[in-house]
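Each chain, letter by letter, is given below.
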Amino acid sequence: MQIYRGRVIVKGLAAGEALVSKEPVSFYGDVDPKTGVIVDEGNELYGRPVSGKVFIFPHGKGSTVGSYVIYRLSKEGRAPLAIINVETEPIIAVGCVLAKIPLIDRIPLDFMLTVKNGDFVEVDGYSGIIKINNRD
Amino acid sequence: MFLTRDEERMLDGDYGEVARKCMEIIVAIGEVFEAKKLIGIKSAHISGISYKNIGDAGIELLRDFVKLSARASVSATTNPAGMDLEHWQEMGIPASFAEKQLEVTKSLSAIGVKETYTCTPYLSKNRPSKGEHLAWAESSAVVYANSVLGARTNRESGISALASAIVGKTPLYGMHLDECRVAKLHVQLDHAPKTPSEYSLIGYMIGSLTNDDVVSISMPNKAISSCLKALSAGLATSGRVSMFTINSKSGFVEKVKIELKDIERVKGSIGCGGEDITHAFVGCPHASLKELKVLANLLKKRRVRKDRELWVFTSRTTYRRAESSGLVSKLLSAGVKVFRDTCMVVAPLDEINVKSVVVDSAKAYHYIKRNFKGIRAFFADTRELVDFVSI
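No experiment lies behind these values; they were computed from the predicted model shown. (Residues numbered from 1 in each chain as written. Chains lettered and ligands numbered in written order. Predicted model: local features only at pLDDT ≥ 70, side-chain atom pairs only at ≥ 80, totals over all residues. Heavy atoms only, no water.)

Sorry if this is basic, but what is going on with the overall build of chain A here?
In terms of regular secondary structure, chain A is built from four helices and eight strands. Along chain A, from the amino end to the carboxyl end, the secondary structure elements read β-β-β-α-β-α-β-α-β-α-β-β. Whereas a compact globule of 136 residues would reach a radius of gyration of roughly 14 Å, chain A reaches 13 Å, a difference of no more than 12%. With an accessible surface of roughly 5700 Å², chain A has 51% of that area assigned to carbon and sulfur atoms. (Helix = DSSP H or I, 4+ residues; strand = E, 2+ residues; numbered from the N terminus. Rg over C-alpha atoms; globule rule 2.2 N^0.38 Å. Areas by Shrake-Rupley, 256 points an atom, 1.4 Å probe, with all protein chains shown as cover.)

Next up, the structure:
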């Protein structure tokens with residue numbers, strides 16, 4: 001198990017499978033607001049749902065409408081369990097507040113290099129501690 | 001971040017769920033930007049009004065806020081909606097869209113905002129004074145407020161502006177702080193721009209040159225307000241700029257020059273090469289009274305061709321003034337359509353059969369190109385634009 005500490009932006013607890021995007025994500029345009037599936041053809045995660053995952057990506061980008069998309073997903077029960085960013089920004093922060101999803105950023109670069117799709121990740125959005133349990 | 005006891009109570013829910021949720025939004029943003037505390041605001045300007053942009057998720061969010069009895073506690077104006085709220089049929093807006101858009105405005109009305117539906121709040125019931133702290137969304141208005149009016153606002157999102165409108169506060173960071181209102185890049189313009197269109201294009205070019213919030217510009221002539229309005233919109237569109245300073249003297253880290261040939265090159269690349277254009281849209285940002293006069297003058301002794309459309313977008317406030325001075329009649333008799341409450345950036349152009357369009361605003365050009373892959377868009381100076389669609 002590896003342990004990291006980041007900055008808490010939105011509080012909460014979550015634990016689940018990691019979904020890792022190396023690219024920044026614009027929820028408006030890149031993620032289907034009804035199904036939670038990544039519809040950005042340029043992203044290697046194309047076709048995969050963010051729903052129920054600990055969604056990890058460098059930062060948000062694009063339209064501020066992205067916040068509404070995250071909110072909508074939570075109403076449909078299709079939102080991620082938590083979001084982890086390298087350096088977050090308001091679109092994601094506001095979306096996570098509305099959807100009541102823990103958001104942690106400023107995790108060490110080492111975390112982004114280590115975590116893999118499918119790893120079991122525990123997110124403590126109070127202490128800021130993130131634990132990775134690798135699949136193997 | 002430091003919170004007063006009252007703010008802590010609000011965050012704990014002592015003032016109700018909607019205040020708690022709004023505080024949570026504002027505090028989260030404050031944490032992201034390491035703000036030391038919150039400050040009170042004089043006004044808010046809320047974007048995220050068009051159904052085309054916010055969709056059913058936006059309708060749900062606003063409805064949820066209304067259910068929790070959300071009310072604006074400071075003066076708050078609104079950005080354009082996806083249609084002329086009264087004359088949407090004339091725009092060709094489908095009833096299904098109209099129904100959804102009206103649900104948005106119904107919620108806004110319940111929240112008690114000033115329903116101005118314009119991107120130029122400073123011309124419409126929300127003109128801030130120098131030094132006032134605001135929470136404004138609509139990046140073109142943010143740049144104008146910071147740069148021309150000397151007020152202080154960050155580039156808020158629709159939701160953060162709404163939250164600020166409700167609790168009357170915003171985090172103290174960025175443009176609220178003297179030390180952040182300083183340019184590192186200086187852009188020297190040797191060519192004197194003459195029209196708002198030119199300013200819009202120059203702004204658009206400059207905005208893409210920097211990742212900073214503030215840019216300094218020097219130019220040989222003095223710009224009038226419609227030109228500064230267009231400059232603000234262009235600047236805000238292509239990057240992150242929140243403010244410009246004009247002809248300030250010193251302290252720059254980097255200098256860049258823009259020459260006439262640079263401007264001509266960009267203009268040529270987005271201009272219309274003799275294509276058949278069916279629609280011409282003017283009013284991004286919303287046309288001021290002066291700009292409506294200019295348009296009417298360009299159409300003196302001319303008329304819009306029968307197989308063409310020339311639409312101008314403006315605010316309700318400006319429309320009323322233009323109507324009482326006979327200006328609207330002049331435009332209508334030249335075949336122009338004058339619409340309020342909306343614009344070509346946030347209206348569902350694909351649902352109203354727009355196929356090829358010329359605009360005189362770099363911002364409009366940028367967004368139409370980006371949002372509607374199936375529409376051919378071009379940029380031209382206002383005079384040229386009028387030539388394309390009238391005889």
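Further notes follow.
Sorry if this is basic, but what is going on with empty space enclosed by the protein here?
To find leftover empty space, a probe the size of one water molecule is rolled over the atoms. For the structure on display, the rule yields one cavity of 30 Å³ or more. Lining the largest cavity, in full, are Tyr68(A), Ile46(B), Ser47(B), Gly48(B), Ile49(B), Ile54(B), Leu61(B), Leu62(B), Leu108(B), Gly158(B), Ile159(B) and Leu162(B). At the level of elements, α3 (51-67) and α7 (158-167) of chain B are the ones that each hand at least two residues to the lining of the largest cavity. Class assignment of the residues belonging to the lining of the largest cavity gives a composition of nine nonpolar, three polar and no charged. (1 Å grid on protein atoms, 1.4 Å probe; cavity = no way out; pocket = protein on both sides within 12 Å on 5 of 7 lines; lining within 4 Å. Points joined across faces, edges and corners; volume = space filled by probe spheres on them. Nonpolar A, V, L, I, M, F, W, Y, C, P; charged D, E, K, R; others polar.)

What am I meant to see in the packing of aromatic side chains here?
We describe a pair of aromatic rings using the distance from one ring centre to the other and the angle between the two ring planes. Residue and element names in this part refer to chain A. The full count for this structure, using the stated rule, is 12 aromatic pairs over all chains. On the numbers, 6.0 Å between centres and 80 degrees between planes, the contact of Phe27 with Phe55 is edge-to-face. Here Phe27 is found in helix α1 (residues 27-30), whereas its partner Phe55 is found in strand β4 (residues 54-57), with 28 residues between them in sequence. The two residues Phe27 and Phe55 agree in class, both being buried. (Phe/Tyr/Trp six-rings, centres within 6.5 Å; stacked < 30°, edge-to-face > 60°. Buried < 20%, exposed > 50% of the residue type's maximum accessible area, 1.4 Å probe, protein only.)

Just checking my understanding: could you explain the packing of helix α8 (residues 196-207) of chain B against helix α9 (residues 225-238) of chain B for this structure?
All names here are of chain B. Direction vectors running N to C along α8 and α9 enclose 30 degrees, while the axes themselves pass 6 Å from each other. The angle between α8 and α9 falls in the class roughly parallel. Both α8 and α9 take part in a crossing whose hand is right-handed. Contacts from Pro196, Tyr199, Ser200, Gly203, Tyr204, Ile206 and Gly207 in α8 reach Ser226, Cys227, Ala230, Leu231, Gly234, Leu235, Thr237 and Ser238 in α9. Its residues assigned to classes, the contact of α8 with α9 comprises eight nonpolar, seven polar and no charged. (Axes fitted to C-alpha atoms, helices over the stretch in contact; angles between N-to-C directions. Parallel < 35°, antiparallel > 145°, perpendicular 65-115°, else oblique. Left-handed = near helix turned anticlockwise from the far one by under 90°. Contact = heavy atoms within 4.5 Å.)

Sorry, what's going on with the side chain of Glu198(B) here?
All names here are of chain B. Structurally, Glu198 is set in helix α8. Of the buried charged residues, Glu198 lacks a salt bridge, with Lys194 as the closest side chain of opposite charge at 5.2 Å. Residues within four places of Glu198 in sequence aside, it is in contact with His191, Pro193 and Asp381. (Lys, Arg positive; Asp, Glu negative; His and termini not counted. Salt bridge = Lys/Arg side-chain N within 4 Å of Asp/Glu carboxyl O.)

How do you make sense of the pattern of salt bridges when you look at a structure like this?
Where charged atoms from two side chains of opposite charge come close, those side chains can pair. For the coordinates displayed, the defined rule picks out 32 salt bridges over all chains. Between Asp64(B) and Lys67(B) there is a salt bridge; the shortest N-O distance is 3.6 Å. In this pair, Asp64(B) and Lys67(B) are both assigned in helix α3, three residues apart and thus about one turn of the helix distant. Close ionic contact of Lys261(B) with Glu259(B) constitutes a salt bridge, the shortest N to O distance being 3.3 Å. The class of Lys261(B) is exposed, set by a relative accessible area of 57%. Owing to a relative accessible area of 30%, Glu259(B) belongs among the partly exposed residues under this scheme. Put simply, Arg72(A), Lys75(A), Glu76(A), Glu60(B), Asp64(B) and Lys67(B) are held in one network by salt bridges that share partners.

Help me out: how do you make sense of the sheet that holds β4(A) in this one?
The pairing of strands in a sheet happens through backbone hydrogen bonds and is either parallel or antiparallel. Residue and element names in this part refer to chain A. Taken together, eight strands build an open sheet; the order of strands is β1-β8-β7-β3-β4-β5-β6-β2 and the sheet is mixed. At either margin of the open sheet sits one strand with a lone partner, and together these are β1 (2-5) and β2 (7-10). Shown here is a sheet whose adjacent strand axes are inclined to one another by a mean of 30 degrees, direction ignored. When strand β7 (residues 120-124) meets strand β8 (residues 129-133), the two strands line up antiparallel, connected through five bridges. From the neighbouring strand, Asp124 faces β8, where its bridge partner is Ile129. Packing of helix α3 (residues 90-99) onto the sheet brings it into contact with β2, β4, β5 (82-85) and β6 (103-105), and relative to β2 it is tilted by some 60 degrees. (Pairing = 2+ DSSP bridges.)

Quick question: what am I supposed to make of the sheet that holds strand β2 (residues 43-46) of chain B here?
Residues and elements named next belong to chain B. Taken in spatial order, the three strands make up an open sheet running β3-β2-β4, and their pairing is parallel. Only two strands of the sheet have a single partner each, and these edge strands are β3 (75-78) and β4 (134-136). On average, adjacent strands in this sheet sit at an angle of 10 degrees to one another, irrespective of strand direction. Helix-sheet contacts for α7 involve β2, β3 and β4, and the interaxial angle to β2 is about 145 degrees.

Whenever I open this one, unusual backbone geometry confuses me. Can you help?
All names here are of chain B. With an omega of -5 degrees, the peptide bond running from Cys284 to Pro285 counts as cis. Looking at where Pro285 falls in the secondary structure, it is placed in strand β10 (residues 279-287). The phi dihedral of Ser69 is positive, around 60 degrees, even though this residue is not glycine. In this structure, Ser69 sits in the loop between α3 and β3. In this structure, Glu138 takes a positive phi of about 70 degrees despite not being glycine. Position of Glu138 among the secondary structure elements: in the loop between β4 and α6 (139-147). We classify Glu138 as buried; its relative accessible area is 11%.

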